[in-house]
Structure formats: C-alpha cells, structure tokens
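An overview of the molecular structure
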Amino acid sequence: MLEHGAAPPVGDSDPQPPSGGLGTRLMRRKPVERLVAEGGKGEGGTLRRSMGVWQLTMISIGATLGTGIFVVLGEAVPDAGPAVILAFVIAGITALFSALSYAELAGSIPVSGSSYSYAYATLGELVAWVCGWCLILEYGVSVAAVAVGWGQYLNELLDGTLGFTIPDALSAPPGDGGYFNLPALLVVLLAMAFLLGGAKESARANTIMVVVKIVALLLFCGVALQGVKSGNYANFMPMGMAGVSAAGATLFFSYIGFDAASTAGEEAKDPQRDLPRAIMLSLVIVTALYCLVAAIAVGAMPWQKFEGSEAALAGIMKAVTGQSWWAVLLAFGAVIAIASVVLTVLYGQTRILFAMSRDGLVPKVFSKVHPKSGAPRANTVIVSLFCGVLAAAVPLGELADATSIGTLFAFALVNVAVIVLRRTRPEMKRTFRTPLSPLFPAIGFVLCVYMMGSLGAVTWVVFGAWMAVGLVVYFGYGMRRSRLATAEK
C-alpha cells in the first residue's frame, strides 16, 4: 500500500513532554521533522545519496542470505531435526510482521538510525537508547558470529584447491580448539576496507557478491536434490515443538537483513519510496531460498550428522556426488556469501552509531564524515576492530544466540512504535502502511516476545548484563550530553 512521493509534513508538530523532572527528561522525543531534516548530516561532512531500490534490496539480501544457511544450520538442525524447515518458516513469519512495521517507519522516517530513530520519535529517549544499545549487540555480535563461520568455509576451499588448511590453533577461537580465529578477523578487516571507500563502492561490491551466493545456493539445490531420501524426513520433529521454537529463535538472527536496509535511509536516492519496497522484496526472496535449501539439506543428510558442522552444505555436496570439486565450488560461494553478510551488517552497525552520535548519546567521533569518501571513517575503523577481535576470540553458538535476543527486542519495539505513531501522528503521510494496524504490529510484538522466551538462560543473563552496562553508559554519559538535553538549557 504505497503512496508514491509522500513526505512528512513540515514543522516540529510532534507533541513533547514538558521539561521537568527525571521522568519527563527520559520521555523526551525527537520530532520526526527534525530527524528527517538532519538526515545525512555529520561532523565535518554529509553522507551521499547514491543508492536506488536495486542497491537497497541487495544490501538487505546481502545482510541476510548466508548466515542461517551457510553457518548456523549446523547449530539449529540438532535442536529441531528435519523440522528445521518449520523453524525457518516460523522465524520468517515472525520477521514478516516486524518487516511490515519496518517498512512503514522506513518510509515515514527515512534516516540511518533504523529502529533506534523510530523509537526516539515515538517512545522517548530512554527507550531509544535501550533500542540502540540492543542494535549495537545485534549488529556488532552478528558481524562476529558470521565471521566465525567464514573461516570454516575458507578451510574447505583451501583444502579443495591447494591441499592445506589453516591450523585449528589459528582458525578457531578459545573453547573451540584454537587460540585465535585469524580468518574471522581478516574478513572483517576486508569488509572495513570496502566501507572506507564509500557507500556507493561498497554497494557495488555487495551486489556482485549477492549474485554469486544466490547462484551457489541454487547450484547446491540442483546437486543435493539427487541425494534426498524420504527416510531422512522420518521422525520429523524429534525434539517436539520446543526444539522447533529453540531453533527458530537461533535462526531469527538470519533475518536481520531488512533492518540493515533501513539503516541506509540517509544514503538512498528516494528512501520513502524505495526502502519499503527493498525491505519486503528481500524478505520474500530470502525466506524462499532458506526454506528450499534447508528442506533439501535435511533430506540429503540425516539430521544427527549436522551436530558441530559449520560447513554442512559443502559436506553434503561431497557426500552426494562423491567428488570433492562440487564442495569446492560451494565453499567458494559460501566464502563470498559470508563476506557479503559481514560487509552489509558492518555497514548497518556504523550507520546506527552515526545516528546515535549525531544525537549526542555516544561520542562525536562516530558521526565524523570524511569529505572525500562521504563515509564515517573513524566510526568504521573502531567498529571493525571491535567486531574483528570479538570474532577471533568468542565461539559461534554463543554469538548467534546473543544476536537473536538483541534483534528480537529491537523488532518488538518497532512494532510498538508503529502503533504509537499511528495514534500520535495520524495525519502524517506514509508511503507504506502496515495492513490491519494495530493488529499486525501487535502480533509482531507477541511473536518477538515468544521467541525471546525460547532462548536459553545463559543468553538471558548475557542480555541482562549488556542492558545493565548500557543503562550505566546512558545515565553516566548519554543523558547529560543528549542534544535534546542541551537544547533545553
């Protein structure tokens, strides 16, 4: 339900809580018009609008397609068995309801901050900070989680082409049989190099990588289909619905691509028209490919053999054909695919910090824009080094679950934001409207909360600790340095 060319009305018409005590300061909202007016503006320069709907869709697919299939499938299948197909469907439906809300807000508030900015305009500064802090967990840890799996496929490729692999000591983190995951660090640094060149150049490289990984997955489907055995689908749900829910919650972090597209709001040529289209189109394409590949994978190999496998698809290709070169081709596709995910998710992380920095909630260094490249270079280097070290030192499973809970929490807030903005700003022009609102956003919220409940106790402890640290940072730094706070003085 697109309204082409629509734009928010001009003027700071968002109702604001009056200045006063702590409660009202925590509830202060940033007007939508101010968010849009500041779009692209950073310290010392501006971001460049260079991306159309095709590039935005490729960013969305690039950030999504690869993680759940190439990396986390080996983590999820032991939880759900062949019903991992159903887990992908559940995660996809959950993502769909949230994607509808994202599409509406991306068309109404086309800025880089994604759900952080949407929360700032609707739910107040404290909630926006919590959402932004969750996004830092979601994006930063996701980059690290995906980078961990990249090394597994790189070893498959090296083994098939050159006959050697990187030793475990240098290709696995502590706790997984190694000391330092060097390949994970290298792929993050490679993505950093692309991002430093600017958004247009990064988008071009990502588009090429997305095409390669789609071809690789279709190749896998065509070859592995020959090895599908109906007996592998027997005992379809060995762990019951609880296992499917647990797998779905783990796999949900594979669907954050449309969130990454929304972070490009200040570098899109026509964000109000193109962002909703890119979000919905990418989700449909990715969900279809995930379900197809998962169905063929569990049909071609007994689900019990997926345990501990982070390069499962390459192993299936080798087992089905009896020839290693098929696995080499798939490993090459996976290396490209996962590098694309790292590139686009790292991009999203830097743009969220850019928006938070512009609002004064994190240091100004994150919103400094290089005049030549039009990219936030210092931001990119800091985030890349942090994510690279995290990827080199922490095991994959723990990273994936931590990403899922941060994603689900942020998505839940976006669904609430749609309902609030419909009530507080009913007159606002919207280029996309979530169907059956507030019912669909409410369903999206409930599904996110349900999937959060499916995650383990350790993940919740990590999430609680992360939130506690975030609140300390906000009350110690962000609340006092917020640009809304300084404007009130």
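In short, a report on the structure.

Their axes nearest at 7 Å, the elements helix α7 (residues 115-122) and helix α8 (residues 125-161) cross at an angle of 170°. Judged by the inter-axis angle, α7 sits roughly antiparallel to α8. Two secondary-structure elements touch here, α7 through Ser115, Tyr116, Ala119 and Tyr120 and α8 through Glu125, Val127, Ala128, Cys131, Gly132 and Leu135. In the contact of α7 with α8, the residues fall into 7 nonpolar, 2 polar and 1 charged.

Summed over the entire model, instances satisfying the criterion amount to 13 salt bridges. The residue glutamate 38 makes a salt bridge to arginine 483 at a minimum N-O spacing of 3.7 Å. On the criterion of sequence distance, the pair formed by glutamate 38 in the loop between α2 (32-37) and β1 (41-42) and arginine 483 in helix α21 (residues 483-488) is long-range, its members being 445 residues apart. Since its relative accessible area comes to 11%, glutamate 38 is described here as buried. Here arginine 430 makes a salt bridge to glutamate 104, at a shortest N to O gap of 3.1 Å. In this pair, arginine 430 is assigned in the loop between α18 (396-424) and α19 (439-453) and glutamate 104 in helix α6 (residues 84-108), connecting sequence segments 326 residues apart. Assessed through its relative accessible area of 1%, arginine 430 is described here as buried. Put simply, Lys30, Arg34, Glu38, Asp359 and Arg483 are held in one network by salt bridges that share partners.

Across the 8 residues of α7, 8 count as buried, placing the element largely inside the fold. Restricting attention to buried positions, one finds in α7 the residues Ser115, Tyr116, Ser117, Tyr118, Ala119, Tyr120, Ala121 and Thr122. Once α7 ends, the next one or two residues include glycine 124, with phi positive near 105°.

Bringing a nonpolar patch on the surface into the picture now. On the surface, Leu170, Tyr179, Phe180, Leu182 and Leu186 cluster together to form a nonpolar patch covering roughly 490 Å² of accessible area. On the secondary structure map, phenylalanine 180 appears in the loop between α9 (168-171) and α10 (182-196). Under the relative-accessibility criterion, phenylalanine 180 is labelled partly exposed at 31%.

What counts and what doesn't
Residues numbered from 1 in each chain as written. Predicted model: local features only at pLDDT ≥ 70, side-chain atom pairs only at ≥ 80, totals over all residues. Heavy atoms only, no water. Axes fitted to C-alpha atoms, helices over the stretch in contact; angles between N-to-C directions. Helix = DSSP H or I, 4+ residues; strand = E, 2+ residues; numbered from the N terminus. Parallel < 35°, antiparallel > 145°, perpendicular 65-115°, else oblique. Contact = heavy atoms within 4.5 Å. Nonpolar A, V, L, I, M, F, W, Y, C, P; charged D, E, K, R; others polar. Salt bridge = Lys/Arg side-chain N within 4 Å of Asp/Glu carboxyl O. Buried < 20%, exposed > 50% of the residue type's maximum accessible area, 1.4 Å probe, protein only. Patch = residues over 30% accessible without salt bridge, like charges linked within 9 Å, V, L, I, M, F, W, Y side chains within 5 Å. Areas by Shrake-Rupley, 256 points an atom, 1.4 Å probe, with all protein chains shown as cover.

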